[in-house]
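Residue strings, one per chain:
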Amino acid sequence: MRAIAQILWRVLLVAGTVLLVSLAFAACAGEANAATHPVRHAVLRFRHDSRMFPPSKTALLAQNAAIDALGLHRYRDDADIQAAVECGELVSIDTATLDFRLPVNRRYLRPAANDFLSILSIDFAVRFGHTFVVTSAVRTIQTQRGLRRWNRNAAPAQGPLSSSHLAGTTFDIGRKRFTRAETMWMETYLYKMGDRVI
């Protein structure tokens, strides 16, 4: 966990703004697996979290501390996002494949996060011959509250553990159809990116 927090902290400072790459792989958000012991016939249940970078309290605290230190605004509602788009604080995601379910009014990121997404998307496409799907980008406080109603893993909408999506610094990538090679490449790529300033 400490290594993940250090990686996230390094990725945070990009051209005076925050860049957080939070990979929330909803399709693999953890599942209950059962294994049967052959002798005792006891059922052992354990939770398996197969996300690349599972969220942690430490990571959320570090992300929010960086967002606060950089004085980045958290978006309250759709009007707030629209105002940010009009002044160039948020830009449209233009080089990645977007999930058709992602609302049009939430297809924005801060410029540095969008630049990183573009580089990541192009590098992935060059390596594998196709792109990945972005399933989430900027969220409003209203949206995050709604998400928490049905997703118990979603970060709070306010406080020191709030979602970094609220600041437009984070995007999620759907990994549902990733091959093992694609998963390994993504993990390695993001780990290496955490060790240098982009």
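Only a predicted model underlies this, so the values are computations on that prediction, with no experimental measurement involved.

**Focus on the pattern of salt bridges**
Side chains that differ in sign of charge can pair as their charged atoms come close.
Next up, step 1: Here the structure, examined in full by the defined rule, presents five salt bridges.
Next up, step 2: Arginine 110 is the partner of glutamate 89 in a salt bridge, and the nearest nitrogen-oxygen pair spans 3.6 Å. Here glutamate 89 is found in the loop between helix 3 (78–86) and strand 5 (91–92), whereas its partner arginine 110 is found in the loop between strand 7 (108–109) and helix 4 (111–128), with 21 residues between them in sequence.
Next up, step 3: Here arginine 110 falls in the buried class, since its relative accessible area comes to 5%.

**Comments concerning the sheet that holds strand 6 (residues 97–98)**
Next up, step 1: If you trace the three strands from one edge of the open sheet to the other, you get 6-8-9, paired in mixed fashion. Pairing within the sheet leaves two strands with one partner each, and these edge strands are strand 6 and strand 9 (172–174).
Next up, step 2: Here strand 8 (residues 133–136) pairs with strand 9 via three bridges, running antiparallel. Bridging across to strand 9, valine 134 finds its partner in isoleucine 173.

**Considerations on the pairing of strand 8**
Next up, step 1: Note that strand 6 and strand 8 share two bridges and pair parallel. What sits directly across from threonine 97, in strand 8, is valine 133.

**Observations regarding the packing of aromatic side chains**
Next up, step 1: Enumeration according to the criterion identifies six aromatic pairs in this entry.
Next up, step 2: Between the aromatic rings of phenylalanine 124 and phenylalanine 128, the centroid separation amounts to 4.9 Å while the plane-to-plane angle is 45°, which identifies the pairing as tilted. In this pair, phenylalanine 124 and phenylalanine 128 both sit in helix 4, four residues apart, roughly one turn of the helix. The burial state of phenylalanine 124 is the same as that of phenylalanine 128; both residues are buried.
Next up, step 3: Between phenylalanine 128 and tryptophan 185, the aromatic rings sit 5.8 Å apart at their centres with planes inclined by 90°, giving edge-to-face as the arrangement. Within this pair, whereas phenylalanine 128 is found in helix 4, its partner tryptophan 185 is found in helix 6 (residues 180–193), the two being separated by 57 residues in sequence.
Next up, step 4: With relative accessibility at 17%, the residue tryptophan 185 sits in the buried group.

**Observations concerning the nonpolar core**
Next up, step 1: Of all hydrophobic cores here, the largest spans 20 residues; its most connected members are Leu117, Leu120, Phe132, Phe171 and Met186.
Next up, step 2: Listing elements by their share of this core, those giving two or more residues are helix 4 and helix 6.
Next up, step 3: Broken down by element, this core gets its largest block of residues, six residues, from helix 4.
Next up, step 4: With six residues, the next largest nonpolar core counts Tyr75, Ala84, Leu90 and Tyr108 among its residues.

Criteria and cut-off values
- Residues numbered from 1 in each chain as written.
- Predicted model: local features only at pLDDT ≥ 70, side-chain atom pairs only at ≥ 80, totals over all residues.
- Heavy atoms only, no water.
- Salt bridge = Lys/Arg side-chain N within 4 Å of Asp/Glu carboxyl O.
- Helix = DSSP H or I, 4+ residues; strand = E, 2+ residues; numbered from the N terminus.
- Buried < 20%, exposed > 50% of the residue type's maximum accessible area, 1.4 Å probe, protein only.
- Pairing = 2+ DSSP bridges.
- Phe/Tyr/Trp six-rings, centres within 6.5 Å; stacked < 30°, edge-to-face > 60°.
- Core = buried A, V, L, I, M, F, W, Y, C linked by side-chain atoms within 4.5 Å.

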